[in-house]
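Structure assessment
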Amino acid sequence: MSQTITIDPVTRIEGHSKITIQLDDAGRVTSARFHVTQFRGFEKLVEGRPFHEMPSLTARICGICPVSHLIASAKTCDALMAVQIPPTAVDLRQVLNLAQILQSHALSFFHLSSPDLVLGMDANPEQRNLFGVVGQNPELARDGIWLRQFGQEIIALLAGKRIHPAWVVPGGVSAPLTADRRDAIVQRIPDALLRVRRTLDWYKQIFGDFGAEIRTFGNFPSLFMGLVTGKGELEMYDGNLRIVDATGRIVVDQVDPRTYPEWMGEAVEPDSYLKSPYYKPLGYPDGIYRVGPLARLNLIDRVGTPLADEEWAEFRMLERGATLSSFQYHYARLIEMLFCVEKIDQLLNGPEILSDHVRAKADPNRMEGIGVSEAPRGTLLHHYKIDRKGLMVWANMIIATGNNSLAMNKSVYQVARHFVHGDRIDQGMLNRVEAVIRTYDPCLSCSTHAFGQMPMRVQLLAPDGEVLHELKRG
Amino acid sequence: MSDKLKLATVWLDGCSGCHMSFLDIDERILDVAALADLVYSPLVDNKHFPEMVDITLVEGAVSSEDDYHKIRHVRQHTRILVSLGDCAVTANVPAMRNRFKVEAVLDRAYFENATLNQQIPVEVVPQLRKQSIPVHQVVPVDVFVPGCPPSADNIFYALTELLAGRTPELRTRTHFGA
Ligand code: SF4
């Protein structure tokens, strides 16, 4: 008798994402699916809007990574105008993007995932949150709040507002940076470095305690994709794409992201609003790839900043070839935070950073444009078509989290196969299913909005729909 | 649980920016935690909306069947319901899809912009409603905090006033699109 387990939000009315697990006659897991249950329709609703509204509009896709959308969108608009933006504007946008990655990584690691790491996967759900971490490890919690705040304050200092600032515009940015603001940021760099390094040291001490999770949390071969500089270093703003395989071998390199329709496909599943991109030459679903911190650190030749490079050297020793366990997204995220702080420091100390030449102006000169950057969660792509008046006629967006859709599904399956047996479901299994999804830091508000700890109800159903076993969280 | 007031935050069709702005009160979140228990929120691990909550902040418009049922449930179990941010207050960005038919919006994503297995997802996922509407068109709302998102200071102000049993005076502090 085959059975289906549904991990459903707390009641029918809660639904943002769900997980279903299929068992065979012998009580073994045969499949598991992650369903995203919200849809927002940006690709259509932007139709008819002036193209220069797009950065502000698409920032509203996501309040966790609005800057990522601002950047990718503004780059797409630059392409429509066919302008080369002033170098200082490039640097300022980069600082903004790095600050965004810093704050978002802090949110993911400290606010959302550290409760699992500090209190344990089997801890009482009542305490498994940031406030619980404050009680158990106040220094870590305060470092997290501080680092997120630092990232957000850099954004506010540059762009005037922490969330949905209007400063990034087609052609550059709307105002130059002032010396006092730059100094206010640079002054706090040493403190930021100290806090990230302290957290890294802590993480390196404790991750060994999670052996079973490391072995089963999305630990499988896949491709990894991300931007790199011309020298193969970590790149968050420009650059070209590189794809490596599970052994770390380069599959393709320095691919112009604008060619994506030739080699990237998007498949639709009947049971999720999240589409599943795949690498066309390997087909679907074999063309599974991962993006984001783990992918980026797997595919580069070096990071490109001194402290992060030291840490990266250790990270590289985790496994031969690419590091395959998605559990280590956490590790990669912390190393990237170090990179962000170092790189912000470098950029802000550049000789031209205070230049007031920060914006190129032009009417639209091309009817189609593509813009790509790295968001906290991975490669983000915007693609627009406009009419002669500059009004939007079409848009396609491949969101960072979407790239990981196939991998998240496969990871849920792997965790379920390892932790679910027969007709019994226990609390630990639920926590771990949540936790594996969380390693990807899915920014589902880009397509749905279940961030943090998903409310869950697990039901074990007989084929006729009879509830055989039920477990609620909380 | 303690005798502190009960606070909840709910997320409908929004971008999470209002929740992020709430987190932007930074360390003051510990002050809030001293006055109230965050009993239900995407940020904490409690899975059930409690029997009665003193204050619930709602982000986002009502766009899907899930949103619709959820907000009605939340209203029944909340003393003071706060529309947090322009999406909750006016339906803002989500409402921009209202000038198209739902089918056309889905069509763009799942037929035109897909390369394999083109189809509209219908299994497991909730249906979209024809229109995306503000919260107060579905249930009565007690306090409106506009802004996209409202600033952390304004959220902190509104919250501490409400926790002190006063009605926050927001007209001079924030406005639509702030
Ligand atoms: S009001 Fe603005 S910040 Fe809040 S959810 Fe809506 S778009 Fe996001």
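Keep in mind it's a predicted model, so treat the numbers as computed, not measured.

This brings us to the packing of aromatic side chains. Between two aromatic rings, the relevant description is the distance of the centres plus the angle of the planes. Per the stated rule, a full pass over the model turns up 14 aromatic pairs over all chains. With a centroid separation of 5.6 Å and 85° between ring planes, the pair formed by F315 of chain A and Y331 of chain A is classed as edge-to-face. Taken together, the residues span a long stretch of sequence, with F315 of chain A in helix α12 (residues 306-316) and Y331 of chain A in helix α13 (residues 329-348) at a distance of 16 residues. The exposure class assigned to Y331 of chain A is buried, which follows from its relative accessible area of 2%. Joined through ring pairs, the aromatic side chains of F109, F110, W202, Y203, F207, F315 and Y331 of chain A make up one cluster. We note K410 of chain A situated over the ring of F220 of chain A; from NZ or CZ to the ring centre the distance is 5.1 Å. Looking at R28 of chain B, its charged tip hangs above the ring of F156 of chain B, at a distance of 4.8 Å from the centre.

On to the pattern of salt bridges. Pairs can form between side chains of opposite charge whenever their charged atoms are close. Tallying each qualifying case throughout the model produces 38 salt bridges over all chains. We note a salt bridge from R296 of chain A to E374 of chain A, for which the minimum N-O separation is 2.7 Å. Of this pair, R296 of chain A sits in helix α11 (residues 293-299) while E374 of chain A sits in strand β12 (residues 368-375), and the two are 78 residues apart along the sequence. Taken individually, R296 of chain A and E374 of chain A each receive the classification buried, so the pair is uniform in this respect. Shared partners join several salt bridges into a network, and the residues in it are R148, E153, R162 and R188 of chain A together with D24 and D26 of chain B.

Think of interface size as the accessible area that goes away when the parts come together; that is how it is often given. Between chain A and chain B, the contact holds 73 residues from the first and 61 residues from the second. At the boundary of chain A with chain B, total buried surface from both sides reaches about 6,100 Å², with 58% on carbon and sulfur atoms. On inspection of chain A and its partner chain B, the count reaches 5 salt bridges. For the salt bridge of E27 of chain B with R142 of chain A, the shortest nitrogen-to-oxygen distance reads 2.7 Å. Tallying contributions element by element places helix α6 (residues 138-159) of chain A first for the side of chain A that touches chain B, with 6 residues. In terms of residue class, the side of chain A that touches chain B is made up of 29 nonpolar, 21 polar and 23 charged.

Cut-offs and rules
Residues numbered from 1 in each chain as written. Chains lettered and ligands numbered in written order. Predicted model: local features only at pLDDT ≥ 70, side-chain atom pairs only at ≥ 80, totals over all residues. Heavy atoms only, no water. Phe/Tyr/Trp six-rings, centres within 6.5 Å; stacked < 30°, edge-to-face > 60°. Helix = DSSP H or I, 4+ residues; strand = E, 2+ residues; numbered from the N terminus. Buried < 20%, exposed > 50% of the residue type's maximum accessible area, 1.4 Å probe, protein only. Lys NZ or Arg CZ within 6 Å of the ring centre and 35° of its normal. Salt bridge = Lys/Arg side-chain N within 4 Å of Asp/Glu carboxyl O. Contact = heavy atoms within 4.5 Å. Buried area = accessible area lost by both parts, 1.4 Å probe. Nonpolar A, V, L, I, M, F, W, Y, C, P; charged D, E, K, R; others polar.

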